[in-house]
Amino acid sequence: MSGANENSAIETAWCPGCGNFHILEALEHALDTLGTDRRRLVLVSGIGQAAKLPHYAKANVFNGLHGRALPAATGIKMANKKLLVLITSGDGDMYGEGGNHLVHAMRRNIGVKAFVHNNQVYGLTKGQASPTSEPGFVTKVQVDGVLSAPFNPLALAVTLGVSFVARSSAVIPDHLQTMMQEAIRAKGFALLDILQPCVTFNKVNTYKWYRDRVKELPKNHDPRDRDQALAAAMTWGDEIPVGVIYRGARPAFEDAHPILSGAPLVNAFTQTPP
Amino acid sequence: MTTNIRICGAAGQGVQSFGDLLARTFASMGLHVFATQSYLSRIRGGINSYDVRIGSEELFSSARKTDLLVALNRESMEQEKANLALNGVMILNTAESGGNYLALQMDKLAQAAGGTARMANSAGAGAVVSVLGYDLDALHKCLTEEFSKKGRDIVEQNLDAASRGYRAVAGHEGLVRAPKPAGAPSTLYDGSTAIAIGAATAGVKIVFSYPMTPSSGVLTALAGLSHKYGMVVEQAEDEIAAPNLLCGAAFAGVPAMTTTSGGGFALMAEGLSLAGMLELPIVIFLSMRPGPATGMPTRTAQGDLAFAAHAGHGEFPKIILAPGDLRQAFDLTRHAFELAHKFQTPVILVADQFLTDLQKNIPALPDAPDYINLHLAKKSAPGKAYERYLVTDNGVSPRAVPGGDSYVVSASDMHAEGGHLSEDFNVQIALQDKRMRKITGILNEFIKPEIYPEPAGEILLCWGSTYGPCRAAVNLLRARGRDVCMVHFPMVWPLDGAALAPLFEGRRVIAVEGNGTGQFALLLRQAGALREFSLLPRYDGLPFTAEFIETEVLS
């Protein structure tokens, strides 16, 4: 598959059948549906297989260090709040190495959209456990199986009252595209946890495993109700709810901040970029 | 003519506000002021001290001996009295008279003025100006300015407390010889403020720091200026986040900086390397204190230079500036942003507790915004796709920012000119060579060291904040007939050994450094600029003084 970035046509580094292809396709469709001006779009990532996605899309790209997509994205958004700053990175990058940044980006509720490819395993480093791997998951490093509890990013996001918290999956691309559009439209921080099969290293959480479990939230789910949202975020098992779990009422950092709420900082410099 | 006044007391007793008040008062009188602080890593208790040295000529160093010691408690007097000059005088905050000191009940005097014990400093300052033989006018004016926002009553009570302190030592007016006002500038700055004003006027718009002594003064000063200059000053979740956020801000076209000390800087090393790879202009302010690890948080050192010069994995150009005095702190902060943007690479501005806390009255710093050139690319040629990392002769590629007509692609992985990932060995060589060619341009802009007062057979080699004490030491040594000069480097990395070697040829070099190994001299040796040197180190956590250097050179 070739990338659409006008700078170069790039062969992807993903395995055939990788969930990342569906996520990339859903993202392209979401951006096209919304009519996003790609020159005002910055795709930010850290390191990992998911973190390569920005190179295959038509966008400005900031592909930084492992775990550090969030501070970089925060810096970009602070500098020019008119840009659409969107992170596409993996569970190891966002929930493991970058865990502290996730906590504080959500505390700030900065207007960055974080699309986390959550395949519950480390792909690029070849198959170790991730922070969301289920207990008992055996790898070449976790030879006795994972003992630690899986990290629940959605529950944390709900408790911090961030603007938009949702879950979808690469196995339901239409739903995923809708969630991406909703996340981009929302003000403030958006966390979209995307359940994704890893065809090479995760033989447990397969396409079939996810298809059998993901289920849209009931029509009467109220994303403004924190208790309902927390209950949905904590549900994991035979049924895994997908959809907009929570919509927090806090203002975006850039709207609440006395300096940032004015003109974009970058406007202070008169040079016009090419 | 110089006089050294030392305020000492327990942390929390108001040593700092007392010292600040005196420094402002003397500066407003036209005396030259050189004020330094020594404090412990605690909020209450222990002994803190604050030296206000005044002179009829510009001062470059603090003094070891005290001419007038003001002790806010007996414990601090007992500790400090060994440092009293031969004709020195002590004022003790006590009701018990009869000792070899002037007894002054500062809090009682303040209460008698209708104020609270918190106004004790005003009473104490009144006594100090009296003992030095000055009148109350300047002190009263400073107190009026300081408290005018708090209402007429508070102002009147402070003025009265100062007058009562002044009268309480009646009969001792002029007991301590003090210099006459000499037309010195009334504008008093500390190093932190000079750096903050330099950054703000240069156009920094994003400051992202985790607090760490002794760098927090700059962070606090920037926060105080944030509304005036339209800066976002945000507290970082950790020092790992800081350079990464700066890279994001710089990528999007906004000058950004962070402030830290040794331990925090260590956490920034990977992000520093990122700025080198993405060729982004970021500025890190590193205020040094003794290490390793947590070390001595409130003390001073020059022990992180070798680490800073080599920080960050891989090879990439990096610039280190080290201001020697307050004006240079302002100028080099601005210059740090200029160089970072011109060469699209990280700049580390290095100082220490001594320089950031140092207060001096100098001509007013220009505080109007005067933004540096961001050196952004002009419009790219039509039909040709923009390449962020275009290989050029001088290694600097045209830099565009997102939001314009071109897509900007940056990756921390090895990348080709367009910014996308590449694993081609030839591309790796071409892009690394391109980045490293910037060093030639940087060396062309190397800031020449200052030779004071003129070349001599013996050189006191120094860098950064040691400027003042070394310069004053040279004067002391030359007065003894010694053929010695100072060579001070305000820019310490990168180094061109061949260009610098003639400075030292045939001369005896004494490296005066706030570390135990002579880190800068070793960098000069590594560059081929210097063969032999003897080391005059200080690593007890205290700043150099002219007298310390003089004694060591003569011993």
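How each quantity is defined
- Residues numbered from 1 in each chain as written.
- Chains lettered and ligands numbered in written order.
- Predicted model: local features only at pLDDT ≥ 70, side-chain atom pairs only at ≥ 80, totals over all residues.
- Heavy atoms only, no water.
- Helix = DSSP H or I, 4+ residues; strand = E, 2+ residues; numbered from the N terminus.
- Rg over C-alpha atoms; globule rule 2.2 N^0.38 Å.
- Buried < 20%, exposed > 50% of the residue type's maximum accessible area, 1.4 Å probe, protein only.
- Contact = heavy atoms within 4.5 Å.
- Areas by Shrake-Rupley, 256 points an atom, 1.4 Å probe, with all protein chains shown as cover.
- Pairing = 2+ DSSP bridges.
- Right-handed = clockwise from strand over helix to strand, strands pointing away.
- Phe/Tyr/Trp six-rings, centres within 6.5 Å; stacked < 30°, edge-to-face > 60°.
- Core = buried A, V, L, I, M, F, W, Y, C linked by side-chain atoms within 4.5 Å.
- Axes fitted to C-alpha atoms, helices over the stretch in contact; angles between N-to-C directions.
- pLDDT = per-residue confidence, 0-100.
- Salt bridge = Lys/Arg side-chain N within 4 Å of Asp/Glu carboxyl O.

Some thoughts on the overall build of chain B
Regarding its fold elements, chain B presents 19 helices and 21 strands. Taken against the 2.2 N^0.38 rule, which gives 24 Å for 555 residues, the C-alpha radius of gyration of chain B at 26 Å falls within 12% of a compact globule. For the C-alpha atoms alone, the extent of chain B along its principal axes is close to 85 × 60 × 40 Å. Burial status across chain B gives 61% buried among its 555 residues. In chain B, the share of contacts with a sequence separation of at least 24, taken over all contacts with a separation of at least 6, comes to 74%. Total accessible area computed for chain B in this model is approximately 20500 Å², and 50% of it derives from carbon and sulfur atoms.

Things to note about the pairing of strand β20 (residues 508-513) of chain B
Residue and element names in this part refer to chain B. Among the six residues of β20, five are classified as buried, and the element is accordingly described as predominantly covered. Relative to β20, strand β17 (residues 458-463) is paired through four bridges, and the arrangement is parallel. Paired with Glu458 across the bridge in β20 is Arg508. Note on the crossover from β20 through helix α18 (residues 519-527) to strand β21 (residues 534-537): the handedness is right-handed.

Quick notes on the packing of aromatic side chains
Going through the model one piece at a time under the given rule, you end up with 16 aromatic pairs over all chains. Ring geometry for Phe269 of chain A versus Tyr371 of chain B: centroids 5.1 Å apart, planes at 40°, classification tilted. Here Phe269 of chain A is found in the segment after α9 (253-256), whereas its partner Tyr371 of chain B is found in the loop between β14 (359-361) and β15 (409-411) on a different chain. By relative accessible area, which is 31% here, Tyr371 of chain B ends up partly exposed.

Considering the nonpolar core
Core analysis: the biggest nonpolar cluster contains 155 residues, and Val44, Phe62 and Phe189 of chain A together with Leu461, Phe489 and Leu524 of chain B have the highest contact counts within it. Grouped together as the second largest cluster of nonpolar side chains are 47 residues, Leu109, Val128, Leu136 and Leu139 of chain B included.

Quick notes on the sheet that holds strand β19 (residues 491-493) of chain B
Residue and element names in this part refer to chain B. Taken together, the seven strands give an open sheet; going across it, the order is β9-β8-β10-β11-β13-β12-β19, and neighbouring strands pair in mixed fashion. Of all strands in the sheet, those with a lone pairing partner are β9 (232-235) and β19, marking the two edges. Neighbour to neighbour, the strand axes of the sheet diverge by 25° on average, direction disregarded. One ladder, built from six bridges, connects strand β11 (residues 283-288) with strand β13 (residues 347-352); its direction is parallel.

Considerations on the confidence of the model for chain A
This prediction gives chain A a mean pLDDT of 93; 95% of its residues lie at or above 70. This model gives residues 1-5 of chain A a pLDDT under 50, and the stretch forms 21 contacts once residues within four places in sequence are excluded.

A closer look at the pattern of salt bridges
Under the defined criterion, the tally for this structure stands at 29 salt bridges over all chains. The shortest N-O distance in the salt bridge between Glu234 of chain B and Arg108 of chain A comes to 2.6 Å. With one member in each of two chains, Glu234 of chain B in strand β9 and Arg108 of chain A in helix α4 (residues 99-108) form a pair that bridges those chains. Assigned by exposure class, Glu234 of chain B and Arg108 of chain A land together as buried. Across the salt bridge formed by Lys215 of chain A and Glu239 of chain A, the nearest N and O atoms sit 3.7 Å from each other. Of the two residues, Lys215 of chain A sits in strand β7 (residues 214-216) while Glu239 of chain A sits in the loop between α8 (226-233) and β8 (240-246), which places them 24 residues apart along the sequence. One network of salt bridges, in which partners are shared, links Glu28, Asp32 and Arg38 of chain A.

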